[in-house]
Amino acid sequence: TPAGAEGLVFLPYLAGERTPYPDPNARGVFVGLSLRHGKGHLVRAVLEGVAFGLRDSLEIMRDLGVPIQQIRASGGGARSPLWRQILANVFGLPVVTTNAEEGPAYGVALLAAVGTGAFPSVPEACRTAIKVVSQTDPDPAATAVYEEYYGVYRGLYPTLKGVFSKLGELSVKGAAS
């Protein structure tokens, strides 16, 4: 399935949303679904929708002036070349993996090592212990496609906010009966 899932967009608000919209009533939505879409389109749209949601947070950091040159992926999802490529294309940045597959736990271990004096500082511990092992670069053609789709994605929540609110009210009424 090509980038953009042939016009299918997914909002990944399956448990409400917190960033950038603090809305517990927000819900997951497929927009653009047609008879031509199959299982592969649905899966691709879900992956892209999650990546767009992550990009929302990245854009907040960019708006704050934080210089971002690469994204570091860790955990189980980072093992997927497709997922890393989608992220690189949506972010327009290289996505790297490191020798520490479970980043948070490894980071805590490094902090403990600094605390015990094994390393003189956190930056020194990181320079010594963490190494980039793979890099996935964005594909300019796919990044251009995702720029257009991200614009559509960003317009969906404001358009559907009232619908989410109404559905929230209805679900409370339904639970009470």
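Residues numbered from 1 in each chain as written. Predicted model: local features only at pLDDT ≥ 70, side-chain atom pairs only at ≥ 80, totals over all residues. Heavy atoms only, no water.

Notes on the nonpolar core
Logical step 1: One finds L11, Y13, V90, F91, Y153 and F164 to be the most contacted residues of the largest nonpolar core, which totals 27 residues.
Logical step 2: Of all the elements, helix α5 (residues 140-176) adds the most residues to this core, at 7 residues.
Logical step 3: In this view, F91 contacts A51, L54, R55, L58, R62 and I71; residues no more than four positions away in its chain are not counted.
Logical step 4: A113, F119, A125 and A129 belong to the second largest nonpolar core, which has 5 residues in total. (Core = buried A, V, L, I, M, F, W, Y, C linked by side-chain atoms within 4.5 Å. Buried < 20%, exposed > 50% of the residue type's maximum accessible area, 1.4 Å probe, protein only. Helix = DSSP H or I, 4+ residues; strand = E, 2+ residues; numbered from the N terminus. Contact = heavy atoms within 4.5 Å.)

Let's talk about a nonpolar patch on the surface
Logical step 1: The grouping of I60, M61, L64 and V66 at the surface amounts to a nonpolar patch, some 350 Å² of accessible area in total.
Logical step 2: Mapped onto the secondary structure, L64 falls in the loop between α1 (39-63) and β3 (71-72). (Patch = residues over 30% accessible without salt bridge, like charges linked within 9 Å, V, L, I, M, F, W, Y side chains within 5 Å. Areas by Shrake-Rupley, 256 points an atom, 1.4 Å probe, with all protein chains shown as cover. Salt bridge = Lys/Arg side-chain N within 4 Å of Asp/Glu carboxyl O.)

With respect to the side chain of D23
Logical step 1: Mapping D23 onto the fold places it in the loop between β1 (9-11) and β2 (29-31).
Logical step 2: Within the buried core, D23 has no salt-bridge partner, and the shortest N-O distance to an opposite charge, that of K161, equals 6.0 Å. (Lys, Arg positive; Asp, Glu negative; His and termini not counted.)

Overview of the packing of helix α2 (residues 81-91) against α5
Logical step 1: Viewed as axis vectors pointing N to C, α2 and α5 meet at an angle of 65°, and their least axial separation amounts to 7 Å. When the axes of α2 and α5 are compared, the pair comes out roughly perpendicular. Here α2 and α5 pass one another in a crossing that is right-handed. Facing I86, A88, N89 and V90 of α2, the residues of α5 in contact are A142, T143 and Y146.
Logical step 2: Classifying every residue of the contact of α2 with α5 by side-chain character gives 5 nonpolar, 2 polar and no charged. (Axes fitted to C-alpha atoms, helices over the stretch in contact; angles between N-to-C directions. Parallel < 35°, antiparallel > 145°, perpendicular 65-115°, else oblique. Left-handed = near helix turned anticlockwise from the far one by under 90°. Nonpolar A, V, L, I, M, F, W, Y, C, P; charged D, E, K, R; others polar.)

Considering the packing of aromatic side chains
Logical step 1: All chains considered together, the criterion is met by 8 aromatic pairs.
Logical step 2: Taking 3.9 Å as the distance between ring centres and 15° as the angle between the ring planes, the aromatic pair formed by Y21 and Y157 counts as stacked. Separated by 136 residues along the polypeptide, Y21 in the loop between β1 and β2 and Y157 in helix α5 bring together distant segments of the chain. The pair Y21 / Y157 is uniform in exposure class, with both members buried.
Logical step 3: Between Y150 and Y153 the ring centres are 6.1 Å apart and the planes differ by 15°, which places this aromatic pair in the stacked class. Linking Y150 with Y153, this pair stays in helix α5, spanning 3 residues, or about one helical turn.
Logical step 4: Take Y150: its relative accessible area is 8%, and that puts it in the buried class. (Phe/Tyr/Trp six-rings, centres within 6.5 Å; stacked < 30°, edge-to-face > 60°.)

Let's talk about the pattern of salt bridges
Logical step 1: Tallied over the full model, the rule gives 7 salt bridges.
Logical step 2: A salt bridge links E6 to R36; the nearest nitrogen and oxygen atoms lie 4.0 Å apart. Within this pair, whereas E6 is found in the segment before β1, its partner R36 is found in the loop between β2 and α1, the two being separated by 30 residues in sequence.
Logical step 3: Of the charged contacts, one joins R127 and E124 as a salt bridge, the two residues approaching to 3.2 Å between their closest N and O atoms. With R127 and E124 both in helix α4 (residues 122-129), this residue pair falls 3 residues apart, about one helical turn.
Logical step 4: Look at E124 and you get partly exposed, because its relative accessible area is 28%.
Logical step 5: Three or more residues are tied together by salt bridges with common partners; here these are R55, E59, R62 and E147.

That is the geometry; function is a separate question.
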